[in-house]
Structure formats: C-alpha cells, structure tokens
Amino acid sequence: MEREILEFDVVFVGAGPANLSGALHLTRLIKTHNEAVVKGERDGKPLGEIEIAVIEKGATLGAHILSGAVMDPKGLKELMPDFIEQGAPLEAPVKEDYFLYLTQKRAIRSPLTPPPLKNHGYYIVSLNRLTAWLGEKCEEAGVNVFPEFPGADVLYDEADRVTGVRTGDKGIDKEGKRKPNYEPGVDLHAKVTVLGEGPRGSLAKQLIQRLNLNEGREPQVYSIGVKELWELPDDRYPAGRVTHTLGFPSDAHTYGGGWIYGMQNRILNIGYVTGLDYQDPLLDPHAEFQRYKQHPFLAKLLDGGKMIRYGAKTIVAGGYFAMPRLYADGLLLVGDCAGFLNSQRLKGIHAAMKSGMLAAEAIFAALVAGDYSAQQLKKYEQLVNESWIIPELRKVRNFHAAFQHGRWLGLANAGLQFVTGGRAWGLFDRTKSEAGHRAMKKLSAFGYRGDKKGEERGDITEQRYTDLRFDGKLTFNKLTDVYHAAVGHDEDQPAHLHVLDLNICATRCVEEYGNPCQRFCPAAVYEMVDDVASANNNDGRPEGNDGDMSAAGTKRRLQINFSNCVHCKTCDIMDPYQIINWVTPEGGGGPDYKGM
Ligand SMILES: Cc1cc2nc3c(=O)[nH]c(=O)nc-3n(C[C@H](O)[C@H](O)[C@H](O)COP(=O)(O)OP(=O)(O)OC[C@H]3O[C@@H](n4cnc5c(N)ncnc54)[C@H](O)[C@@H]3O)c2cc1C
C-alpha cells in the first residue's frame, strides 16, 4: 500500500509537557543560532529551515493529560522565565500545606508536613490547560502540531536505527475492513524521533524491548491515580490549599495515598493513588477512591458538592534505577516515558519539562554536527546527568522499592534516606524490585470464594468491598464516572486492547485471580459476560475449553468495552499473565480531560 511520507527534521511523539517544552526550546536554540551566525557572532553555518512536528493521539492538546497537580515551577521557569506575564494558566500559588493520617474514622493532622510534601512556592495547576497553552506557544514559534495523530509504529531502517513513526490508519471497521472514509496512516520520517508518550508509552514499550534499552535496569513500576473534580457550594476549601493523606483506605501492604487541592471557583480536586504492585486480586483502585471519599473527613468536605469531572491515569514510579537508556540511533526518550518522576514528591511535570529542554539541546548539537547516531545523541544522557534531574532522583532512588515490605517499613526507609543520602535501610545503594504485576497473589492466598462457579462470581469484588455502595451523590460506579471523563471512541473500529489469549481469561484467570481486569481497569472496559453463542455449542472455542460457567450453565467470556477506555494503561501494566497489549486507537479517540 502506498503511504504518504512526510519529511521532518525532528518528530516529537506525544504532546505532553516534556515534548512541548522540547519543541519550543529547540525552535529558540535554532533561531538564536541562525541569527548569531548571520551577525558573525558565532562560527558555523545557519541551520536554515528546520521542520519540527509534534503529534498527539488526543483530539486536542491536553485532552489526554491528567495530573494532580501541584507543579514545582522550576522547569517552567527555565523554559519561560516570564511565564506569569506570558499568561501561563495557573490555578493558585500554594498557600497552605496539610498532611493527614487517616484512620477508619479520624483524620489526624501531622504537626509537621514532611519535607517532600511541602509545596511552598509551587502552583496548583490544571495540567490539561497548561499543556494546551504550551501547545499554542509551540505553534506561535512555528512548530507543526498535529492532534488526532497517534504514533502507531516506530519506523526503523535495516540497521535498527529509528527513522520516524507511522501514524495510525483511519476508517477501519471493527472487522478490520476499510470504511468509505479510510485513510492510511502517514510515515513521518525524522532525523531524530523523541518519544514523550508519558507513562507506559505504547511505542516506548515495544522499542525499549527491541533495542534492549532496559538492560541492567530494575523493572519499571507504576501507580494509578484516580481523580474527580467537585464543585463546592461555598468557600470551605480555598484555592491554594494542599492536603495530602496517608492511611485509609489502603491496607498496610498496599502503597497508596490521597490528595485534596483547592482550585479556583470553588473547584475541589481530589484523588487517590494506588501502587500497581498490590497483592490482593480483588483490589479495585476506583473502589479504593470511592471508599476514600466515604471517610468522615472527606464526606463532610464534599457534602452538598457536585462531582463534575473524572479521570484516571498511571504514574511512573520506579525512579532512578528503573530508567531505561535514554537514547539510541535517531531516538531520545523524555519525561515519564523515560521515568523521570519523583515518586516521593508525586511530581514529574518539572522534570518532564527539563528533560524536553535537554533533549532539545542534544538535538540542536546533533543538527549542527549533522550526526544523529547514538554516539552523538548520547550527549542527552550526559546533559541529564549533569542537570538537577539526577541528583533529585538519586536522593529518593530506593523510595518506592522499599514499600515492597509494607507501609511502615517503607516509611521508615523514607525517613532514613534523608540521613543516608538515598541508601535503602541506610545500607544498600540499590534495592532489587519486581514488575508490579508479579506482586499480585492468587485468590486462594486470601481465602476468597474464588472456586465458586456462576453468578456468585459477579459478586466476588464485594468480598473485599463489603461496605461500599454507589449512592450517586458521594460515590459513583465506574460507568457514571466514565461519563464524566467525556470519553469518545468510534465504536466501529477494531478494539485497541489486544488480549493475546482469551482462553486464559475464561479458564485459568477465573480460577486463579477472578479476572482482576474487571477491577483494576478504572473505566469498566473489561467485563466477564455470559457467552450466549456457547449455549449452542457454537462458540468456536478450542476443544476441551469448558471455561467459566454461569449459574445458568452458560460459558462466560471476556467482553472488551474498549470505547470506555480512558487510556490509563493500567491493564497493560497489571495483567498478571501480561497478555493485554494496549495500542493506540483511531486518532482523536479517548477522554477529554478539560480542566483536569
Ligand atoms: C494522577 C496523577 C497525579 C499527578 N500529580 C502530579 C503533581 O501533583 N505534580 C507533578 O509535578 N506531577 C504530577 N503527576 C505527574 C505528571 O503528570 C507527569 O510527570 C507529566 O505529565 C509527564 O509529562 P510527559 O510529557 O512526560 O507525559 P504526559 O503528560 O503523560 O503526556 C504524554 C502525551 O503523549 C500522548 N501520547 C501517548 N502516546 C502517544 C502516541 N503513541 N502517539 C501520540 N501521542 C501519544 C498522550 O496522549 C499525552 O498527551 C501526576 C500524574 C498523575 C497521573
């Protein structure tokens, strides 16, 4: 098939803070260089017209961006020292910081806010808005910005050098056939391709494996943040107030914590983070968040308010030892894609921006040298090592891994780090860690009634969440929440969630884990349903696959409601058999996180 080829010098994949900062900074470096050469103030030749593209899978810039967010402005200040005068959309400077420990019924205020959670001098922002604004700045500077353009494949030459990306096809129906509006994806050729896809990038995942960029590194681990915006009836929680909580509802073996940020116009921004290395297969991060709101402190705060927005997204948490190699021939990795988030502070925006800027500096040097090899682009890693990113991450290099041993030992280690400069337990430079899905234990380890057949299975989650009901006022089921994420996907397209072996879902997974995809997905994408076709013995299953049976004696199968997907990537990360592969859907599909 003939595909259109577009030639660029640099293609940035993903319009997040990392890549947008990178693209913007690069335009300035080039402009300054060209002007200086023309004036005779710098040796060398002008670089001429350098074509820079940023592609984004969301319908608009920021549509798929979800964050807390309290932003350390360090990165933005370096990118744009006059960001306030330039109209950066900031909600409020942080004015108050609280840290609470929640027991089942009480909220105990810590007299001291732990230093990593002190946010004086920082800003509460909607990262959705900040990203859209950064995108405008890029366009003004001459960057080609393409929303609705998902990077579907990385392009390589015969020597495995990265030569660009192929964008996704449009107009394919659910059977895989071309519709009248069919448009093949475009090959975007580039001297340098920068992956800034955020956590668990679908291209980065394949590429890191193919080019072995994680050799000798710890496996990357993640958390998931589930969030709602609420409109409050009065000024009970002012803009600029920041509260972080620990304790309820997480048990001591599960990494978790909550946030409550005051935004403008009486909007309350609340969310709960659950480590995606939890043990209990019945745990449901969305349900954890709903329980969080049931705590008397939260319930009182939200009383009389109205939930207006919902979203969920994963957070990269492995830190320093889990960072992949940051470069290859024709390629750089930036932002969360490279694992630059400081999980102790739950902050990654500043480092994402800085990494984008450092990538721009390395690309600029490569353009001047006319050399896009790994050897040349290695300069980026050197710049990252010399910047403030690495000292910040090294200080907390064992933070998340220590929570493998439970909350209290994790916290003890977090305290010790201050004295030891980041060593684990004051001794070890590097704690070994495991990919999060390996932590999940089987149903039998918890004594759940996982061996029961039939409709009882549908209630299995209730064995953990005995007291959770969705009242539509304070607590919401997943479908109601997903409605508030404004998700849209054309339903007549192939599912972008590839389950590589459906047989496992209907057999082993039922018995061993009780189909945890139904719970770890915060958007009700995965659902075990009665397989009506199987009632006629006509379900096309392999011989001998009895599968799970409902009470009515019907086999059950996994149904994938992909149009609900909020692009959080939890399924790709947490599936215990690692048979779910998240790929990009048709461009423009997904959530619309306005104001989040
Ligand atoms: C719940 C939550 C709370 C957080 N709280 C804070 C906080 O309070 N403070 C803080 O500093 N940080 C916080 N973070 C982290 C912060 O949001 C990230 O570190 C930061 O957004 C990373 O920027 P990025 O550009 O690397 O990636 P992202 O912001 O994830 O942007 C990536 C972009 O790439 C797009 N994309 C992905 N794949 C493709 C593809 N194949 N083709 C085209 N486009 C693609 C995505 O749609 C997205 O727009 C939080 C994160 C979460 C999830």
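Please read these numbers as outputs of a predicted model, since none were measured by experiment.

## Considering the overall build of the protein
Broken down by element type, the protein carries 18 helices and 26 strands. Its C-alpha atoms give the protein a radius of gyration of 24 Å, within 12% of the compact-globule value 25 Å for 596 residues. Dimensions of the protein, computed from C-alpha atoms along their principal axes, come out at roughly 80 × 65 × 50 Å. Relative to its 596 residues, the protein shows a buried fraction of 61%. Residue pairs in contact within the protein that sit at least 24 positions apart in sequence constitute 77% of those at least 6 positions apart. Put simply, the protein shows about 24,200 Å² of open surface, and 50% of that area lies on carbon and sulfur atoms. Between the mean site of the 70 positive side-chain charges and the mean site of the 77 negative ones, the protein shows a separation of 6 Å.

## Examining the sheet that holds strand E7 (residues 107-109)
Here 7 strands make up an open sheet; going across it, the order is E7-E6-E17-E18-E19-E16-E20 and the pairing mixed. Of all the strands in the sheet, just E7 and strand E20 (306-316) have a single pairing partner and so form its edges. In this sheet, adjacent strand axes meet at a mean angle of 20° when their direction is disregarded. Bridge analysis of strand E16 (residues 222-231) against strand E19 (residues 267-275) gives 9 bridges, and the strand direction is antiparallel. Across the sheet, the residue bridging to Gly225 is Val273, located in E19.

## Describing the confidence of the model for the protein
Taken as a whole, the protein shows an average pLDDT of 92; of its residues, 94% reach a score of 70 or greater. In the model, residues 536-546 has pLDDT below 50 throughout and makes 17 contacts with residues more than four positions away in sequence or in other chains.

## Brief notes about the nonpolar core
Proteins that are soluble and globular tend to have nonpolar side chains buried together. Of all hydrophobic cores here, the largest spans 85 residues; its most connected members are Leu26, Phe340 and Tyr380. Ranked by the residues each element gives to this core, the list is headed by helix H7 (residues 349-369), at 13 residues. Beyond its immediate sequence surroundings of up to four residues, Leu26 is in contact with Val10, Phe12, Ile52, Ala360, Ile363, Phe364 and Leu367. Among the nonpolar cores identified, the runner-up in size contains 75 residues, and Val226, Tyr261, Met263 and Ile267 belong to it.

## Comments concerning the site of the ligand
Taken together, the neighbourhood of the ligand is formed by 40 residues, with Glu56, Ser67, Val70, Lys313 and Asp336 sitting nearest. Here an oxygen atom of the ligand and a backbone polar atom of Pro17 are 3.2 Å apart. Within the backbone of Gly348, one N or O atom sits 3.0 Å away from an oxygen atom of the ligand. Protein coverage of the free-state accessible area of the ligand, which is 990 Å², stands at 99%. Mapped onto the shell around the ligand, the elements with two or more residues apiece are helix H1 (17-38), strand E18 (256-262), E20 and H7. Tallying contributions element by element places E20 first for the shell around the ligand, with 3 residues. Tallied by class, the residues present in the shell around the ligand amount to 20 nonpolar, 14 polar and 6 charged.

## With respect to the sheet that holds strand E8 (residues 123-124)
With antiparallel pairing, the 3 strands of this open sheet are ordered in space as E4-E8-E5. Of all the strands in the sheet, just strand E4 (70-71) and strand E5 (92-93) have a single pairing partner and so form its edges. As paired elements, E5 and E8 share 2 bridges and run antiparallel to each other. Each residue of the ladder has a partner; that of Ala92, found in E8, is Ile124.

## Considering H1
Here H1 contains 22 residues, and its C-alpha end-to-end distance of 32 Å stays within 8% of the 32 Å for a straight helix at 1.5 Å per residue. Of all the 22 residues making up H1, 16 are buried; the element is thus mostly covered by neighbouring parts of the structure. Looking one or two residues past H1, Gly40 carries a phi angle of roughly 80°, positive in sign.

## Here's the deal with the packing of H7 against helix H9 (residues 379-386)
With their axes 9 Å apart at the nearest point, H7 and H9 run at an angle of 140° to one another. Here H7 lies oblique to H9, going by the angle between them. Between H7 and H9 lies a crossing whose hand is right-handed. Across the interface between the two elements, Ser355, Leu358, Ala359, Glu361, Ala362 and Ala365 of H7 pack against Lys379, Tyr380, Leu383 and Val384 of H9.

## A few points about the packing of H1 against helix H3 (residues 127-140)
Their axes nearest at 9 Å, the elements H1 and H3 cross at an angle of 20°. The orientation of H1 relative to H3 falls into the category roughly parallel. Relative to H3, the crossing made by H1 is left-handed. Along its contact with H1, which presents Pro17, Leu20, Ser21, Ala23 and Leu24, the element H3 presents Leu127, Thr131, Leu134, Gly135, Lys137 and Cys138. Class assignment for the residues of the contact of H1 with H3 results in 7 nonpolar, 3 polar and 1 charged.

## Here we look at the packing of aromatic side chains
This structure, assessed with the given rule, holds 13 aromatic pairs. Seen from their ring centres, Tyr320 and Phe321 are 5.2 Å apart, and the 70° between their planes marks the pair as edge-to-face. In this structure an aromatic cluster arises from ring pairing among Phe8, Phe146 and Phe149. Between the NZ or CZ atom of Arg210 and the centre of the ring of Tyr156, over which it lies, the distance is 3.6 Å. If you follow Arg241 out to its NZ or CZ, it ends over the ring of Tyr237, 5.1 Å from the centre.

Conventions used here
Residues numbered from 1 in each chain as written. Predicted model: local features only at pLDDT ≥ 70, side-chain atom pairs only at ≥ 80, totals over all residues. Heavy atoms only, no water. Helix = DSSP H or I, 4+ residues; strand = E, 2+ residues; numbered from the N terminus. Rg over C-alpha atoms; globule rule 2.2 N^0.38 Å. Buried < 20%, exposed > 50% of the residue type's maximum accessible area, 1.4 Å probe, protein only. Contact = heavy atoms within 4.5 Å. Areas by Shrake-Rupley, 256 points an atom, 1.4 Å probe, with all protein chains shown as cover. Lys, Arg positive; Asp, Glu negative; His and termini not counted. Charge placed at Lys NZ, Arg CZ, Asp CG, Glu CD. Pairing = 2+ DSSP bridges. Axes fitted to C-alpha atoms, helices over the stretch in contact; angles between N-to-C directions. pLDDT = per-residue confidence, 0-100. Core = buried A, V, L, I, M, F, W, Y, C linked by side-chain atoms within 4.5 Å. Near = heavy atom within 4 Å. Polar contact = N/O pair within 3.5 Å; in protein donor to acceptor, adjacent residues only side chain to side chain. Nonpolar A, V, L, I, M, F, W, Y, C, P; charged D, E, K, R; others polar. Expected span 1.5 Å × (residues − 1). Parallel < 35°, antiparallel > 145°, perpendicular 65-115°, else oblique. Left-handed = near helix turned anticlockwise from the far one by under 90°. Phe/Tyr/Trp six-rings, centres within 6.5 Å; stacked < 30°, edge-to-face > 60°. Lys NZ or Arg CZ within 6 Å of the ring centre and 35° of its normal.

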